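Coordinate inspection notes
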Amino acid sequence: MQPEQPTDLNALWNLVKDYAYIRLQSLQLLAVEKVSKLMGDVISTLSLIVFILMAFLGACFTLAFYLSELLQSFTKGFGFVALLLTFIAFLILWTKDNLENRIVNLFIKRYFDKHCDEEDPDEDC
């Protein structure tokens, strides 16, 4: 059974205003949800990157001290690690464009896999 159709123009205008208000509220809540998910993902990813960098830094110091002990010279141990890191930096610089494209594609794929549910066809993904 269909709902009763309003014949009064005032009643119709009130229904349109109510619909617009509810639709606006729905869009605001959807925007808050998407921004919250995105911020949570960004914060967790950044914290993961920070801890990975700290672990890498610790591993570099450990390697430098180990090589210093093997080579009987702090200068040689830390110098070797510095050369190794410089080589890695030049390697990354050399493959920068390819690496950048892969990272961008990874983040885009991760976003759509994580934030766009197939269950909700109304979402703009």
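Just above, that's the structure.
Just so it is clear, the structure is predicted and the values come from calculations on it, not from any experiment.

Reading the values: rules and limits
- Residues numbered from 1 in each chain as written.
- Predicted model: local features only at pLDDT ≥ 70, side-chain atom pairs only at ≥ 80, totals over all residues.
- Heavy atoms only, no water.
- Helix = DSSP H or I, 4+ residues; strand = E, 2+ residues; numbered from the N terminus.
- Buried < 20%, exposed > 50% of the residue type's maximum accessible area, 1.4 Å probe, protein only.
- Contact = heavy atoms within 4.5 Å.
- Areas by Shrake-Rupley, 256 points an atom, 1.4 Å probe, with all protein chains shown as cover.
- Salt bridge = Lys/Arg side-chain N within 4 Å of Asp/Glu carboxyl O.
- Axes fitted to C-alpha atoms, helices over the stretch in contact; angles between N-to-C directions.
- Parallel < 35°, antiparallel > 145°, perpendicular 65-115°, else oblique.
- Left-handed = near helix turned anticlockwise from the far one by under 90°.

1. Considerations on the overall build of the protein
For the protein, the count of helices and strands is 3 helices and 0 strands. Helices and strands in the protein line up, N terminus first, as α-α-α. For the protein, the residues scored as buried account for 10% of the 125 residues in total. Summarising the internal contacts of the protein: among those between residues at least 6 apart in sequence, 38% fall at separations of at least 24. Accessible area for the protein stands at about 11200 Å²; split by element, carbon and sulfur atoms hold 69% of it.

2. Considerations on the pattern of salt bridges
A complete count under the given rule lists 1 salt bridge for this structure. Glu 33 serves as the salt-bridge partner of Lys 37, at 3.6 Å between the closest nitrogen and oxygen. Taken together, the positions of Lys 37 and Glu 33, both in helix α1 (residues 9–71) and 4 residues apart, correspond to about one turn of that helix. Given the relative accessible area of 33%, Lys 37 is considered partly exposed. The exposure class assigned to Glu 33 is partly exposed, which follows from its relative accessible area of 40%.

3. Overview of the packing of α1 against helix α2 (residues 74–94)
Where α1 contacts α2, the two axes come as close as 7 Å, and the packing angle between them is 135 degrees. By the angle class used here, α1 and α2 are oblique. The handedness of the crossing between α1 and α2 is right-handed. For the pair formed by α1 and α2, the contact residues are Phe 56, Cys 60, Phe 61, Leu 63, Ala 64, Phe 65, Leu 67, Ser 68 and Leu 71 on the first element and Phe 74, Lys 76, Gly 77, Phe 78, Phe 80, Val 81, Leu 84 and Leu 85 on the second.

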